[in-house]
Amino acid sequence: MKTLKIHTYKGEKVRNDKEIKSSNSIVYSELNTFETQLYSGHYGIKLPLEGSENYVINGKKFHVKEGHYLLTNPGLKTEVSVNSNKLVKGICIGFTEDFLKNLYTNMNSDFKSALELKEDSSDFMLVSHNYAIKNSLLSCFLGTLKSKLTTNHLTQDYNEELFFLDLGEMLINDQLELRSKINNLNQSKFSTQEEIYRRIDLMNQYIHDNYNNNISLEELAKIACLSKYHAVRCYQKIEGISPYKKIINLRLSKAEELLLKGYSINEISDSCGFADYRAFSKLFKKVYHTTPSQYRQIIEQ
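All chains use their own residue numbering, which begins from 1 and follows the written sequence. Only residues with pLDDT of at least 70 are given local features in this predicted model, and only at 80 or more are side-chain atom pairs given and counted; all residues enter the totals for whole chains, interfaces and linings. Side-chain metrics rest on all non-hydrogen atoms present in the structure, leaving aside hydrogens and water.

J.: An account of the nonpolar core is needed here, citing residue identities and associated values.
T.: Of all hydrophobic cores here, the largest spans 50 residues; its most connected members are Ile45, Ile93, Phe95, Leu142, Phe163 and Leu167. Excluding residues within four positions of it along the chain, leucine 167 makes contact with Ile45, Ile93, Phe95, Leu138, Phe141 and Leu142. In this structure, Leu258, Ile268, Phe280 and Leu283 belong to the second largest nonpolar core, which totals 13 residues. Among the buried residues, those of types Ala, Val, Leu, Ile, Met, Phe, Trp, Tyr and Cys that are joined through side-chain atoms within 4.5 Å form a nonpolar core. Whether a residue is buried, partly exposed or exposed follows from its accessible area with a 1.4 Å probe, protein chains only, as a fraction of its type maximum: under 20%, in between, or over 50%, in that order. Only heavy atoms enter the contact rule, under which two residues are in contact if any of them lie within 4.5 Å.

Laid out in structure tokens, this is it:
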């Protein structure tokens, strides 16, 4: 079986090699300044390791920084640019159309109805979006790639066939889960669903980054460029809960973590965004059916 090959470019123009065009590929680059139109014959995963990269896909702009990744589809005009005083490092993983479509059709017939694809998979499209690396199999896999690349263990741990099969399956499963969410929206056009998802995900990322602060619905609606009504309704349809409930869940999850680390009730209520220790204790008891202090004692026993 073939060892995984990584095409490496350092301080030079990334060439459109024939080998990269004709097969699945992984490209590692180190560049300060760079601007070109990319070969668009592949499904792609763009993953910055250090610094950030700028993409324009059919006129839509994406600023992708470390801790995020971008998915791209074949057949679309895709441009990339890098302009930094510091070295920007990144990897670009490409799947040929035939490989990913064949993998899709061979995985599970349920995917066809869930993703609303034709029998020949000709309509198979990824949701092009600037994704934050979060808790999903694909994100965990991409996070592992970053560490393995820095220690030069990637080619030692994978052969080419298994690498692209594993990653391709995770990519399709992630998109299946996403499409099951955005199919709850009342819009029939995929492009409209895709755009609403992007806006709601901006809300979601803002909530994750600021849940310990006071977040108003006006702020979230402004971030999503939606009315307050549509921001809440679309968020509920995609995430399954309201923005307020999401904020509370994140605060309680962090509070539980700090509680087990020995922080005081006052420290936890302050750092997690609760009004005061009384409000924290009351909400904690409502959800966990015990007080924070009693919960800590139970866990420590």
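J.: Explain helix H13 (residues 292-300) residue by residue, including any values.
T.: A run of H or I in DSSP becomes a helix once it reaches four residues, and a run of E becomes a strand once it reaches two; helices and strands are each numbered from the N terminus. Along H13, the residues classified as buried are Pro292, Tyr295 and Arg296. Down the axis of H13, the buried side of the element spans an arc of 100°, and every buried residue falls inside it. Of the exposed residues in H13, those oriented more than 90 degrees away from the buried face are Gln297 and Ile298. Considering only its buried residues, H13 is in contact with helix H10 (243-260), helix H11 (265-271) and helix H12 (277-288). In this description, the arc belongs to the directions extending from the helix axis to the C-beta atoms.

J.: Describe the packing of helix H7 (residues 190-210) against helix H9 (residues 228-239), naming the residues involved and giving the relevant values.
T.: The contact between H7 and H9 brings their axes to 10 Å, and the two run at 90°. Of the possible angle classes, the one that applies to H7 and H9 is roughly perpendicular. Taken together, the residues of H9 that come into contact with H7 (itself represented by Ile196, Tyr197, Ile200, Met203, Asn204 and Ile207) are Ala231, Cys234, Tyr235, Ile238 and Glu239. Of the residues belonging to the contact of H7 with H9, the class tally is nine nonpolar, one polar and one charged. In this analysis, axes come from line fits to C-alpha atoms, helices being fitted only over the stretch in contact, and the angle between any two N-to-C directions falls in the range 0 to 180 degrees. Throughout this description, any angle smaller than 35 degrees is read as roughly parallel, any larger than 145 degrees as roughly antiparallel, any in the 65 to 115 degree range as roughly perpendicular, and the remainder as oblique. Charged means Asp, Glu, Lys or Arg here, nonpolar means Ala, Val, Leu, Ile, Met, Phe, Trp, Tyr, Cys or Pro, and polar covers whatever is left, Gly included.

J.: I'd love a proper account of the pairing of strand S7 (residues 78-96), names of residues and values included.
T.: In this analysis, strands are considered paired if DSSP registers two or more bridges between them. Pairing of strand S2 (residues 25-37) with S7, which is carried by twelve bridges, proceeds in the antiparallel orientation. Considered in S7, the bridge of glutamate 35 is made with serine 81. Pairing of strand S3 (residues 42-50) with S7, which is carried by eight bridges, proceeds in the antiparallel orientation. Bridge pairing in S7 links histidine 42 to threonine 96.

J.: Can you break down the environment of asparagine 24 residue by residue, with the values?
T.: Looking at where asparagine 24 falls in the secondary structure, it is placed in the loop between helix H1 (18-22) and S2. Side-chain polar atoms of asparagine 24 contact the backbone nitrogen of threonine 96, separated by 2.9 Å. N or O atoms closer than or at 3.5 Å make up a polar contact, with two conditions inside protein: a donor-capable atom paired with an acceptor-capable one, and, for residues adjacent in sequence, both atoms drawn from side chains.

J.: Kindly report on a nonpolar patch on the surface, identifying the contributing residues and their values.
T.: On the surface, Leu260, Ile298 and Ile299 cluster together into a nonpolar patch covering about 270 Å² of accessible area. As for its position among the elements, leucine 260 is in helix H10. A relative accessible area of 41% means that leucine 260 is categorised as partly exposed. The patches reported here contain residues having more than 30% relative accessible area and no salt bridge. Joining distances are 9 Å for like charges and 5 Å for nonpolar side chains (Val, Leu, Ile, Met, Phe, Trp, Tyr). Note on areas: Shrake-Rupley with a 1.4 Å probe; residue coverage comes only from the protein chains shown. In the sections that follow, a salt bridge refers to a side-chain nitrogen of Lys or Arg positioned within 4 Å of a carboxyl oxygen of Asp or Glu.

J.: Now, about the packing of H7 against H10: what can you tell me, with residues and values included?
T.: Following both chains from N to C, one finds H7 and H10 inclined at 30°, their axes separated by 10 Å at the closest point. Our classification of the angle between H7 and H10 gives roughly parallel. Regarding H7 and H10, the two cross each other, and that crossing is right-handed. Across the interface between the two elements, Met203, Asn204, Ile207 and His208 from H7 touch Pro243, Lys246, Ile247 and Leu250 from H10. Put simply, a crossing is left-handed when the front helix is turned counterclockwise from the back one by less than a right angle, and right-handed when it is turned clockwise.

J.: Any details on the pattern of salt bridges? Residues and values, ideally.
T.: Going through the model one piece at a time under the given rule, you end up with ten salt bridges. One salt bridge in this structure joins lysine 60 and glutamate 195, with 3.2 Å as the shortest N-O distance. Of the two residues, lysine 60 sits in strand S5 (residues 60-65) while glutamate 195 sits in helix H7, which places them 135 residues apart along the sequence. With a relative accessible area of 38%, lysine 60 lands in the partly exposed category.

J.: Can you break down unusual backbone geometry residue by residue, with the values?
T.: Phi at cysteine 225 takes a positive value of approximately 55°, unusual for a residue other than glycine. Within the secondary structure, cysteine 225 sits in the loop between helix H8 (217-224) and H9. For histidine 289, which is not glycine, the phi torsion reads 60° and is therefore positive. Examined against the element boundaries, histidine 289 turns out to sit in the loop between H12 and H13.

J.: I'd like a description of the pairing of strand S1 (residues 7-10), backed by residues and values.
T.: By the alternation rule, side chains of S1 split into His7 and Tyr9, which are all buried, and Thr8 and Lys10, of which none is buried. Pairing of S1 with S2 involves four bridges; the strand directions are parallel. Within S2, the residue paired with histidine 7 across the bridge is valine 27.

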